[in-house]
Protein chains: 2
Amino acid sequence: MAKAPVLTPRAEDFPRWYQELVNKAELAENGPVRGTMVIRPYGYAIWERMQSGMDVRIKETGAQNAYFPLLIPQSYMTKEAEHVEGFSPELAVVTHGGGKELEEPAVVRPTSETIINDYFSKWVQSYRDLPLLINQWANVVRWEMRPRLFLRTSEFLWQEGHTAHATHEDARNFAARIHHHVYADFMTEVLGIDVLPGRKTARERFAGALNTLTLEAMMGDGKALQMGTSHELGQNFARAFGTRYLSREGTREYVWQTSWGSTTRMVGAMVMAHGDDDGLRVPPRLAPVQVVVLAVKGEEPVLAKVHETAAGLRAAGLRVQVDDRTDTAFGRRAVDWELKGVPVRIEIGPRDLEDGGTATMVRRVPGSREQVRTDVLAGLLPGLLEEDQALLLRQSRERREGNTTDVRTIGEATEAAVAGGWARIPWSALGPEGEDKLAERSVTVRCLVAEDGSVPETDDAPGNVAVVARAY
Amino acid sequence: MAKAPVLTPRAEDFPRWYQELVNKAELAENGPVRGTMVIRPYGYAIWERMQSGMDVRIKETGAQNAYFPLLIPQSYMTKEAEHVEGFSPELAVVTHGGGKELEEPAVVRPTSETIINDYFSKWVQSYRDLPLLINQWANVVRWEMRPRLFLRTSEFLWQEGHTAHATHEDARNFAARIHHHVYADFMTEVLGIDVLPGRKTARERFAGALNTLTLEAMMGDGKALQMGTSHELGQNFARAFGTRYLSREGTREYVWQTSWGSTTRMVGAMVMAHGDDDGLRVPPRLAPVQVVVLAVKGEEPVLAKVHETAAGLRAAGLRVQVDDRTDTAFGRRAVDWELKGVPVRIEIGPRDLEDGGTATMVRRVPGSREQVRTDVLAGLLPGLLEEDQALLLRQSRERREGNTTDVRTIGEATEAAVAGGWARIPWSALGPEGEDKLAERSVTVRCLVAEDGSVPETDDAPGNVAVVARAY
């Protein structure tokens, strides 16, 4: 008897599969104000693991965490011309506070470049104060017309880094360091997602930046998702806010700046990059629960064995949860852990108690099921979890490689993207006018990459290739 | 030659001392929107240590972290009558989003009881779903007319816990567990602050609660600071939002709820409970930097010894920072670390390199200074830091005991509080009318305690004592 599908199959309706999975795996729900999101405990536990993995890497660069206010005077937003143009349509505005109309309305931060520069301009006096490397973990609000949980929400959680440097070169190097050693490293090593590093075209750049570095990933339907960006802001905000320093030579110079962010979108990326028709597949290094030990029946010796096994796995350094809710049918619980994508399920029933103890081990990533002795599990599982982690990354890479086509014309590029894949086209054959044509079919340049696969220094460097796709 | 004071002495002007210290120790600054606050890296590192210490204890109770939206439909706030009355004067209201006036304005959360109950009413179906134990780390906005950094700010950071239980008793026990085993334990063991547990009078209770448990601490000027509160909400929000469950017996029952919060106020409490005329004294278990190793001069052998010593202390599990900024005068750096309240300073100069290595060890809490061999430091310091931690708690307890007077009349109670201390007065001699009289002199009942020092079950239990003071 075939089991009824728990989710709409991906091949049938990918967006619907995504929404059902986010809800049924208890990651998140819609909030009451349009576009907002309630992140449920399981979704938040995954986000907490993302935060801690990123936070360690951010602190290794020398950046320190701080916190700037949620509310920004509306006038600040207008100080940098491109910035205000980019963000105005998305702002939430507080007009009343403490029962009165405010003298100056305040915007709920959509990002903090403006307010942070207000303080940088006070804190930076001399070259000795540079580089100034600040990060904050915060919520931001950008009014969203077509909301989708984790992917586009009117409020989202993120980290935003903001730095000031004495020279253009130092700023450029720092943005590249965040791009490669924080973002790409975390996404590859922990999220198990193959990310393509590149440079945004002028059209796609951050409002107020000279250059935006991006990491793009292919989702299960062949569309692209922007995973994290690092911006070289040049001296634009420094000039707007008067952020200057006294150089060693005694001259007053504007600082060079960067900003960089990654968000709760990463949770959505994890769902769409690894999920299958049975549910999530959470990468073992990320998983808040790596192993769930299930009691098939509620008999005392079974429960004792379940807890003993879980204790042994915890002692081996694994993140383990016991499921002894035997008043709920075993099959239903198994389906639930499948949906939640816990990497390994250890099922112990009455028949497993003989011969010193066995269990059924189900590995979510490869989808394997086998009988094992419980006394070897603690030795075995750390290695198997690393195998599964590597498998996810390999599958992610194979998907991108298998669904990327090299093309020569705008028509071919559009066709490949609309069909659900990525196309690589020489930037010289596309250009800004070509970008406009792609946009008519909701196709965008995700990034430019150099001939040798590195991130190009300019949009128009010879040999630049544009990677185009439909995107979330 | 007496050194010029770095700070206004506490005895001269305590509020000014506080404000200067918060700024000079680089904890925080005022934000541009009235009442908001920029938390600088050193202040935020202290808050992060508070967060992690609290988070572990919260998770030990079985509560899970989640995240609810910042923006709450204005109509939600009006569903519980006392709640809307309590919070209306403090609300910040978003009237415009995405360039348009909103159909229904949204308030920036001042606390999340209302929006969380909206979801609890969906998530709780059966007794099997209870208890439901949720915590969130978030920012909240309450418009503040008389702002003071960390103590009263229009935006602050906090954790807010929200739970739903099947019975009144279970809810009451859980609120008490948070009160004692999370809040009191953390504040005593980590913050080194002697906190008095008690019960709020009806006048001082949370808007919408049946009962509020509080922890009150005495600051350096004898005033009180509320450190954290746990509320028994009864069924008030459950009735307002229809949060019901199907009992084992098949009846539909309203849940019993709690909520509990602690905030960035704790940073202010740490400043005012332990700080002295030279700066902060950060408790060693809390301190982001427990030991700073200073190079007195920039000579190569000195720097090598400084880094070697720091590495040895790190290997002993201590949180260590090196100060080798020898282009800044040594005296100025020493004053700066004194201001920042780092528990131990290890100073190494050229003369310390002889005889296998010595250093000057300065302990911030007792204010001692002595010459030590560097090779014994790693063995010595963990124990000394624990001594200093204990000393801070003892001093905090002695301050409270030495500045609390037992009185019989409202006049005596007022006098003691206005003079800068706490008074204990039988609740039977005070009562709600007496509270009104105290309020005329800005004196409040901080809490009620039972005769035996425990937390009373009702306001009017025989033998209840009111602890009254001026408060932050």
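Residues numbered from 1 in each chain as written. Chains lettered and ligands numbered in written order. Predicted model: local features only at pLDDT ≥ 70, side-chain atom pairs only at ≥ 80, totals over all residues. Heavy atoms only, no water.

Chain A carries the name Proline--tRNA ligase in an unreviewed UniProt entry, which gives Streptomyces iconiensis as its organism. In its Subunit (unreviewed entry) section, the UniProt record describing chain A reads: "Homodimer." In its Catalytic activity (unreviewed entry) section, the UniProt entry covering chain A states "tRNA(Pro) + L-proline + ATP = L-prolyl-tRNA(Pro) + AMP + diphosphate". (UniProt positions renumbered as here; feature names shortened; annotations may be inferred.)

Along chain A, the regular secondary structure elements total 13 helices and 23 strands. Here chain A has a C-alpha radius of gyration of 25 Å; the compact-globule value for 472 residues is 23 Å, and the two agree. Across its three principal directions, the C-alpha atoms of chain A cover 80 × 55 × 45 Å. Residue pairs in contact within chain A that sit at least 24 positions apart in sequence constitute 67% of those at least 6 positions apart. Within the structure as shown, chain A displays about 18500 Å² of accessible surface, and the carbon and sulfur contribution to it stands at 47%. Each charge sign in chain A was given a centre, from 56 positive and 66 negative side chains, and these centres are 1 Å apart. (Helix = DSSP H or I, 4+ residues; strand = E, 2+ residues; numbered from the N terminus. Rg over C-alpha atoms; globule rule 2.2 N^0.38 Å. Contact = heavy atoms within 4.5 Å. Areas by Shrake-Rupley, 256 points an atom, 1.4 Å probe, with all protein chains shown as cover. Lys, Arg positive; Asp, Glu negative; His and termini not counted. Charge placed at Lys NZ, Arg CZ, Asp CG, Glu CD.)

On to the pattern of salt bridges. Residues and elements named next belong to chain B. Under the criterion given, the structure shown has 64 salt bridges over all chains. A salt bridge links Asp185 to Arg57; the nearest nitrogen and oxygen atoms lie 2.8 Å apart. Of this pair, Asp185 sits in helix H6 (residues 168-189) while Arg57 sits in helix H2 (residues 41-60), and the two are 128 residues apart along the sequence. Lys305 is the salt-bridge partner of Glu308, the closest N and O atoms lying 3.6 Å from each other. Taken together, the positions of Glu308 and Lys305, both in helix H9 (residues 300-315) and 3 residues apart, correspond to about one turn of that helix. (Salt bridge = Lys/Arg side-chain N within 4 Å of Asp/Glu carboxyl O.)

Listed as interface residues are 55 residues of chain B and, on the opposing side, 55 residues of chain A. Buried area between chain B and chain A, summed over both chains or domains, comes out near 4100 Å², and the portion from carbon and sulfur atoms is 63%. If you look at where chain B meets chain A, you find 4 salt bridges. For the salt bridge of A:Asp327 with B:Arg128, the shortest nitrogen-to-oxygen distance reads 3.4 Å. (Buried area = accessible area lost by both parts, 1.4 Å probe.)

All names here are of chain A. Applying the stated criterion across every chain, the model contains 20 aromatic pairs over all chains. When the centroid spacing of 5.9 Å and the interplanar angle of 75 degrees are considered together, the rings of Trp47 and Trp137 count as edge-to-face. In this pair, Trp47 is assigned in helix H2 (residues 41-60) and Trp137 in strand S7 (residues 132-141), connecting sequence segments 90 residues apart. Taking the relative accessible area as the measure of exposure, Trp47 reaches 1% and is therefore buried. Here Trp137 falls in the buried class, since its relative accessible area comes to 13%. (Phe/Tyr/Trp six-rings, centres within 6.5 Å; stacked < 30°, edge-to-face > 60°. Buried < 20%, exposed > 50% of the residue type's maximum accessible area, 1.4 Å probe, protein only.)

This part is about the UniProt feature "domain: Aminoacyl-transfer RNA synthetases class-II family profile" (unreviewed entry) in chain A. If you check UniProt for "domain: Aminoacyl-transfer RNA synthetases class-II family profile" (unreviewed entry), the listed places come out as residues 34-283 of chain A in our numbering. Taken end to end, residues 34-283 of chain A comprises 32% helix and 33% strand; its first and last C-alpha atoms sit 31 Å apart.

Time to look at the sheet that holds strand S15 (residues 291-295) of chain A. All names here are of chain A. Strand order in the open sheet formed by 5 strands is S16-S15-S17-S18-S19, with mixed pairing between adjacent strands. Strands with a single pairing partner mark the edges of an open sheet, and in this sheet they are strand S16 (320-323) and strand S19 (368-373). Taking the axes of each pair of neighbouring strands and ignoring which way they run, one obtains an average angle of 25 degrees across the sheet. Pairing between strand S18 (residues 358-363) and S19: 6 bridges, direction antiparallel. Paired with Thr360 across the two strands is Gln371, which belongs to S19. Seen against the sheet, helix H9 (residues 300-315) touches S15, S16 and strand S17 (344-348) and runs at an angle of roughly 170 degrees to S15. Running at roughly 10 degrees to S18, helix H11 (residues 377-402) makes contact with S15, S17, S18 and S19 of the sheet. (Pairing = 2+ DSSP bridges. Axes fitted to C-alpha atoms, helices over the stretch in contact; angles between N-to-C directions.)

The next thing to look at is the relation of the copies chain B and chain A. Superposing chain B onto chain A takes a rotation of 180 degrees plus a shift of 0.0 Å along the axis, which leaves an RMSD of 0.0 Å. Given the turn and translation reported, the copies of this chain are related as if by a two-fold rotation axis. Judged by C-alpha distance, B:Val94 is the residue of chain B that lies nearest the rotation axis, at 2.1 Å. Of the residues that chain B buries at the interface, 100% are likewise interface residues in chain A, meaning the two copies contact each other through the same surface. (Least-squares fit on C-alpha atoms with pLDDT ≥ 70 in both.)

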